[in-house]
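# A structural walkthrough
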Amino acid sequence: MARRPFVLLSVAISLDGAIDDASPTRLILSDDADLDRVDAERAGVDAILVGAGTLRRDDPRLVLRDRSRGRDPVKVVLSGSGELDPDARFFTTGDAARLVYTSRPDVAMERLGGAATIVDAGDPLDLGVVLADLHGRGVERLMVEGGAQVHRLVLTADVVDELQVVVAPLVVGDPTAPRFGGLRTEVQRLDLRLAEARPMGDLVLLRYVRDGQR
């Protein structure tokens, strides 16, 4: 198997497992203290990965909030179609390198030009290709932030070395809302163990690690 980065999956969920609701407005599940914690985690990785759906819905900057923590990690997005907006803050904010892994590099190149490095990741997208290419570019620690399809991709591939789940005291109650891991019909037990359970005000952080990790 090709070498790959250490993969940290970070997510905030409601009590019923939703990572967002179905409204046009993003549902905020973290508080300021948790956002600061996530920022510190970002400062300790080499790259942050999200899916194209997250770019379209949330328009994240993926830069450090606290500039004193160091340089911004490399920005990574997965997009099967390559149909990405060059005006998204992912491409226009910060000085970090931007990588687009796609099944349609021709479309991505036409849309983005020189706004990012475009990498052909196969059709369908091959996570093994993505992780091996990132490792070859010097990415030793990768933080995966979403959304639901990306979560399911990395969970199904069983490449998560550390999982950080923040649970918020909220019930979304909408069956159409995106959920952590997606909707699955089969059971998959991950090779992870609970390393920490930490109350943070009204939130709880659950940290799971792969055996052999601390």
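In short, a report on the structure. Computed from a predicted model, the values in this text were never measured in an experiment. Once a new chain begins, its residue numbering starts again from 1 and follows that chain's sequence as written. Local features in this predicted model are restricted to residues of pLDDT 70 or higher, and side-chain atom pairs are both shown and tallied only at a pLDDT of 80 or more, whereas totals for entire chains, interfaces and linings draw on every residue. Note: side-chain values were computed over all heavy atoms of the structure, leaving out hydrogens and water.

### Observations regarding the pattern of salt bridges
Stated formally: Salt bridges are defined as contacts in which a side-chain nitrogen from Lys or Arg sits within 4 Å of a carboxyl oxygen from Asp or Glu. By the criteria applied, helices consist of DSSP H or I runs no shorter than four residues and strands consist of E runs no shorter than two, each listed in order from the N terminus. For every residue, the accessible area (1.4 Å probe, protein chains only) is compared with the maximum for its type, and the residue is labelled buried under 20%, exposed over 50%, or partly exposed between those bounds.
The full count for this structure, using the stated rule, is 21 salt bridges. A salt bridge links Asp 59 to Arg 89; the shortest N-O distance between them is 3.6 Å. With a gap of 30 residues between them, Asp 59 in the loop between α2 (52-58) and β3 (74-79) and Arg 89 in helix α3 (residues 89-92) connect regions that are remote in the sequence. On the basis of relative accessible area, Arg 89 is assigned to the partly exposed category, the value being 35%. Salt bridges sharing common partners tie together Arg 4, Asp 158, Asp 161, Asp 191 and Arg 210.

### Focus on the nonpolar core
To keep it simple, the criterion reads: Joining through side-chain atoms within 4.5 Å is the link that ties buried Ala, Val, Leu, Ile, Met, Phe, Trp, Tyr and Cys residues into a set, and such a set is a nonpolar core. Throughout, a contact is declared for two residues whenever any of their heavy atoms are within 4.5 Å.
Ranked by internal contacts, the top residues of the largest apolar core, which has 29 residues, are Leu 49, Tyr 101, Val 130, Leu 134, Leu 142 and Val 144. Among the secondary structure elements, those contributing two or more residues to this core are β1 (6-13), β2 (47-51), β3, β4 (98-102), α5 (127-136), β6 (141-146), α6 (148-156) and β7 (162-167). With near-sequence residues (within four places) excluded, Leu 142 lies in contact with Pro 5, Phe 6, Val 7, Leu 8, Ala 47, Ile 48, Leu 49, Leu 131 and Leu 134. Membership of the second largest hydrophobic core comes to 20 residues, among which are Leu 8, Val 38, Leu 55 and Leu 84.

### Describing the sheet that holds β1
For clarity, the cut-off: Whether two strands pair depends on DSSP finding at least two bridges between them. Angles run from 0 to 180 degrees between N-to-C directions of axes, and those axes are lines fitted to C-alpha atoms, restricted for helices to the stretch in contact.
On the basis of which strands lie adjacent, the open sheet formed by nine strands has the order β5-β4-β3-β2-β6-β1-β7-β9-β8 and mixed pairing. Looking at strand neighbours, the two that pair on one side only are β5 (117-120) and β8 (192-200), the edges of this open sheet. Each strand axis lies, on average, 20 degrees off the axis of its neighbour in the sheet, ignoring direction. Sheet topology note: the β3/β4 ladder contains five bridges and is parallel. Paired with Leu 78 across the two strands is Tyr 101, which belongs to β4. Seen against the sheet, helix α1 (residues 32-43) touches β1, β2, β6, β7, β8 and β9 (203-210) and runs at an angle of roughly 145 degrees to β6. Sitting on the sheet, α5 touches β1, β2, β3, β4, β5 and β6, and the angle it makes with β4 is about 155 degrees.

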